[in-house]
Amino acid sequence: MLKPRIDNWDEDEELNGLLLFAQLIDEMLFDYTIDTYKPPVLNTHSLCEELLDAIDEVKEGFLKEKSIEPIKEELVWSLQNDPAAKSVLGYRYNIILNYLRSSNNFNELSSNVAPLKNLLDLIYIDEIKKELKELVETPTDKEKITTLSKILISELLSNGYSQQYIFFETRKYFFQTQRIYSPHQIDEYLSKFSFKTEKWDVLFKGDPDFKHAKELKLDIEIEITEEKPEPRTTYPKEIEYLNETDKYPIFIIFKNMEALDPFHAREIAEEYLNIIDNLASYNIHKERLNWDKDSLVYLASKFTIVEPPVSPMAKIRDSDITELSTIIEKRTTFFEPLDAASTYCIFNSFDFHSSSIQTKSSENQLMNLWTAMESLLPPPQEQRILHFINSFEPLLSRKYVQKLIKDLLNNLRLNYPSELNIILSKLPPEFTDIEKVAALISIKDENEKLRDELYTSLGRNPLLINRIYTLMKNLHSADNIYTTIELHRNRIRWHLQRIYRARNLITHKGEEIIYVNQLVENLHSYYHTIIDLIQEISTQNKNIDSLETVFNLIRIEYEAHIALLKDSKEEKCNNNNFKLLIFNM
């Protein structure tokens, strides 16, 4: 989360709801936002479609019937927490929800999901936009603005809008030069997403080897030529791009690519380039086709120079290459006490992770990451997917609350370092910085004045202020902490099963997964969480000699923490117990 640049915003409290909305969209689509604050892969509408697809796969014999249960669970949860879906359904809501809950077989479930999807098909996106317009004018319900903003982005992405396009349009509209003076300006912003497909021309520049493909015939309109195309405008950037270079002298023009935005048009065109390259590499192993990653995308005479999207494998904070020696030493030291089999598993896992980074295909990235995680596990004693989930769930949940607190601390350090230091100086000196932030947000009554002081020092930043308030609400007592971890645990189980199903669809049916990039982002984040926790535990416990022991110890600590929270029930956080309730220490 970056401090908002709002020089173009009027000084008016009535704009706070719109600013919160704009910040939420910006944060969700920023490449390095932690997974908790990114948009959900699927919302109620798209979950209906996924469930109906899964039911068809059960009928075909591709899936077992019990495979649809987690999708049904997630759909029920989503429907219960989706204000737009509730409004669309109106008086039918409780009946449909009860039908979903009580469906006992896939035929009955299909007959209940189909009418729900049909109702949402009609006006779901319109209802999301309508409710957001109303909420930003009177922003008393910030939680609802947050929920609907996430649902909006999920709906736009699942219908074919590019993450790049939404991100850049949001930055351009709200955080550059245009004056923001009224909450009603959300209408103009939302009108950019009309779901109208346009026909785009996409131009790449390729290396000299592409001249051998000039006679290529595909099921799309493509022209490969050495002749420089005529500019369609007089703008210098277009003319500069069209200038020939020795490295990329060939022009590859894809015509009439149907897409919702220029970024998505570029993605579709480059998929065809990758197909051409992959087909060529079957017979030509020593050379690969290359092309300029920037492209020129036209809509009639209007043009956009589109840079390639960040690979989903690159959407994670990197260390600096100058720290190479320290990084390698740190990673290798935690292998030292482990036995040969465990060390082999870890190195093998790193090898698959490296393959994920090197491949351009998101599908291959997903497959390699899944194998990288699976390589860490002992042979299964139960169904493969259950073994995978049951093994990794404790590792991905054990330090979830700490992850939220650390993210908040990092955002405050980045954007408000002096203001943060003033607040932290008023907390017990024996606490570390992360413990001080945990105390600040979890000790509700005693630290209320300190939080109010922090809110004031943050100025005009409704997203960060609301983030602190929401964390306080979710972490100020044992039962609230338990509820927060339990919801995260459920999401992990649902998501890992979705990734497993996607992996099988790619492997065994060759199906395209439209949200594969989001799956890769999340799975990569999971992988780093797991490796970092394994290293932490093995470093702290030098007598541990196997991965299996590490996994078992983390599982015991996780289950003990959950049992503690359940036993403590409504116990509120205070200076004496917050470390135990939050960190289990």
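Asks: Looking at this model, I keep getting lost on the overall build of the chain. Mind explaining?
Replies: The number of helices and strands found in the chain is 24 helices and 5 strands. Here the chain has a C-alpha radius of gyration of 26 Å; the compact-globule value for 585 residues is 25 Å, and the two agree. The proportion of buried residues among the 585 residues of the chain is 52%. In the chain, 74% of the contacts between residues at least 6 apart in sequence involve partners at least 24 apart. Across the chain, the mean location of the 69 positive side-chain charges is 2 Å away from that of the 94 negative side-chain charges.

Asks: Could you clarify how one ought to interpret the nonpolar core in this entry?
Replies: As a rule of thumb, nonpolar side chains are buried together in soluble globular proteins. Ranked by internal contacts, the top residues of the largest apolar core, which has 174 residues, are Trp9, Phe21, Ile166, Phe174 and Phe254. Ignoring any residue separated from it by four or fewer positions in sequence, one finds Phe21 in contact with Leu132, Val136, Ile145, Ser149, Leu152, Phe174, Ile186, Tyr189 and Leu190. Core analysis: the second largest hydrophobic core is formed by 7 residues, Leu203, Leu242, Phe251 and Ile253 among them.

Asks: I'm lost on a nonpolar patch on the surface in this one. Help?
Replies: A surface patch of nonpolar side chains, amounting to about 300 Å² of accessible area, comprises Ile321, Leu324 and Ile328. Looking at the element boundaries, Ile321 is found in the loop between β5 (302-306) and α12 (324-333).

Asks: It is not clear to me how helix α15 (residues 384-397) should be interpreted in this structure. Could you clarify?
Replies: Since the α-helix turns once every 3.6 residues, residues separated by three or four places project in the same direction. Taking 1.5 Å per residue as the helical rise, α15 with its 14 residues ought to reach 20 Å, and the 20 Å between its terminal C-alpha atoms agrees with that figure. Counting buried residues in α15 gives 11 out of 14 residues, a clear majority hidden from the surface. Structurally, α15 contributes buried residues whose contacts are with α14 (362-374), α16 (400-415), α21 (478-509), α22 (516-540) and α23 (547-568).

Asks: What is the right way to look at the packing of α16 against helix α20 (residues 462-475) in this model?
Replies: Each pair of packed helices gets described by two things: the angle between the helix axes and the distance between those axes. Look at α16 against α20: their axes get within 12 Å of each other, and the N-to-C directions meet at 155°. Relative to α20, the element α16 lies roughly antiparallel. The element α16 and its partner α20 pack so that their crossing is left-handed. Where α16 abuts α20, its residues Val401, Leu404, Ile405, Asp407, Leu408 and Leu412 lie against Leu464, Arg467, Ile468, Leu471 and Leu475.

Asks: Is there a simple way to explain the sheet that holds strand β3 (residues 250-259) in this structure?
Replies: Strands in a sheet are paired, the pairing made by backbone hydrogen bonds, and the direction either parallel or antiparallel. The strand order across the open sheet built from 5 strands is β2-β3-β1-β4-β5, with neighbouring strands paired in antiparallel fashion. Looking at the sheet topology across the chains shown, the edges are occupied by β2 (221-225) and β5. Averaged over all pairs of adjacent strands, the angle between their axes in this sheet comes to 20°, without regard to strand direction. Of the pairings in the sheet, the one linking strand β1 (residues 198-206) to β3 comprises 8 bridges and is antiparallel in character. Across the sheet, Leu203 pairs through a bridge with Ile253, a residue of β3. Most of the contacts of helix α11 (residues 262-283) go to β3, to which it runs at about 125°, and overall it touches β1, β2, β3, β4 (295-299) and β5.

Asks: Would you take a moment to explain the environment of Leu116 for this structure?
Replies: Mapped onto the elements, Leu116 comes out in helix α6 (residues 106-137). By relative accessible area, Leu116 is classed as buried at 0%. In this structure, the C-alpha to C-alpha distance between Leu116 and Arg92, residues 24 residues apart in sequence, is 9.7 Å. The contacts of Leu116, once residues within four sequence positions are left out, are Cys48, Leu75, Leu79, Leu89, Ile96 and Leu100.

Asks: Whenever I open this one, a negative patch on the surface confuses me. Can you help?
Replies: A cluster of acidic side chains, namely Asp445, Glu446, Glu448 and Asp452, defines a negative patch on the protein surface. Its location among the elements puts Asp452 in helix α19 (residues 448-458).

Asks: I keep staring at the side chain of Arg489 and nothing clicks. Help me out?
Replies: By the secondary structure assignment, Arg489 is in helix α21. Polar contacts involving the side chain of Arg489 include one to the side chain of Glu393, which spans 3.5 Å. Dropping the residues within four chain positions of it, Arg489 is found in contact with Glu393, Ser397 and Tyr558.

Asks: Quick question: what am I supposed to make of unusual backbone geometry here?
Replies: The phi torsion of most residues other than glycine is negative, and most of the peptide bonds are trans. Positive phi outside glycine occurs at Asn256, with the angle close to 55°. Relative to the helices and strands, Asn256 resides in strand β3. Judged by relative accessible area, which is 37%, Asn256 ranks as partly exposed. Phi is positive for Ala300, which is not a glycine, with a value near 60°. Since its relative accessible area comes to 59%, Ala300 is described here as exposed.

Asks: Please explain the packing of aromatic side chains as it appears in this structure.
Replies: Centre distance and the angle of the planes are the two values used to describe a pair of aromatic rings. Applying the stated rule across the entire model yields 27 aromatic pairs. Note on Tyr165 and Phe263: the rings are 6.3 Å apart at their centroids and 50° apart in plane angle, and the pair reads as tilted. Pair noted here: Tyr165 is in helix α8 (residues 163-174) and Phe263 is in helix α11, with a separation of 98 residues, a long-range link. Accessibility classification places Tyr165 together with Phe263 in one group, the buried group. Taking the centre distance of 5.5 Å and the plane angle of 35° together, the rings of Trp370 and Tyr500 count as tilted. In this pair, Trp370 is assigned in helix α14 and Tyr500 in helix α21, connecting sequence segments 130 residues apart. Sitting over the face of the ring of Tyr241, Lys205 holds its NZ or CZ atom 4.6 Å from the ring centroid. Its end group placed over the ring of Tyr37, Arg467 keeps NZ or CZ at 3.6 Å from the ring centre.

Asks: Can you help me understand the environment of Ile284 in this one?
Replies: Here Ile284 lies in the loop between α11 and β4. In this structure Ile284 comes out as partly exposed when scored by relative accessible area, which is 45%. Taking the C-alpha atoms as reference, Ile284 lies 53 Å from Leu100; in sequence the two are 184 residues apart.

Asks: Even after reading the chapter, I still don't get the pattern of salt bridges, so can you show me in this structure?
Replies: Oppositely charged side chains may form a pair once their charged atoms are brought near each other. Using the criterion set out here, one finds 40 salt bridges in the structure. The salt bridge involving Lys255 is made with Glu223; its shortest N-O contact spans 3.2 Å. Residue Lys255 is located in strand β3, and its partner Glu223 is located in strand β2; the two are separated by 32 residues in the primary sequence. Look at Glu223 and you get partly exposed, because its relative accessible area is 32%. Salt-bridge contacts for Lys399 lead to Glu536; the nearest nitrogen and oxygen are separated by 2.3 Å. Remark: Glu536 occurs in helix α22 and Lys399 occurs in the loop between α15 and α16; sequence separation between them is 137 residues. Judged by its relative accessible area of 31%, Lys399 falls in the partly exposed class. Each of Glu50, Glu57, Glu74, Arg498 and Arg501 takes part in a single network of salt bridges with overlapping partners.

Conventions and cut-offs
Residues numbered from 1 in each chain as written. Predicted model: local features only at pLDDT ≥ 70, side-chain atom pairs only at ≥ 80, totals over all residues. Heavy atoms only, no water. Helix = DSSP H or I, 4+ residues; strand = E, 2+ residues; numbered from the N terminus. Rg over C-alpha atoms; globule rule 2.2 N^0.38 Å. Buried < 20%, exposed > 50% of the residue type's maximum accessible area, 1.4 Å probe, protein only. Contact = heavy atoms within 4.5 Å. Lys, Arg positive; Asp, Glu negative; His and termini not counted. Charge placed at Lys NZ, Arg CZ, Asp CG, Glu CD. Core = buried A, V, L, I, M, F, W, Y, C linked by side-chain atoms within 4.5 Å. Patch = residues over 30% accessible without salt bridge, like charges linked within 9 Å, V, L, I, M, F, W, Y side chains within 5 Å. Areas by Shrake-Rupley, 256 points an atom, 1.4 Å probe, with all protein chains shown as cover. Salt bridge = Lys/Arg side-chain N within 4 Å of Asp/Glu carboxyl O. Expected span 1.5 Å × (residues − 1). Axes fitted to C-alpha atoms, helices over the stretch in contact; angles between N-to-C directions. Parallel < 35°, antiparallel > 145°, perpendicular 65-115°, else oblique. Left-handed = near helix turned anticlockwise from the far one by under 90°. Pairing = 2+ DSSP bridges. Polar contact = N/O pair within 3.5 Å; in protein donor to acceptor, adjacent residues only side chain to side chain. Phe/Tyr/Trp six-rings, centres within 6.5 Å; stacked < 30°, edge-to-face > 60°. Lys NZ or Arg CZ within 6 Å of the ring centre and 35° of its normal.

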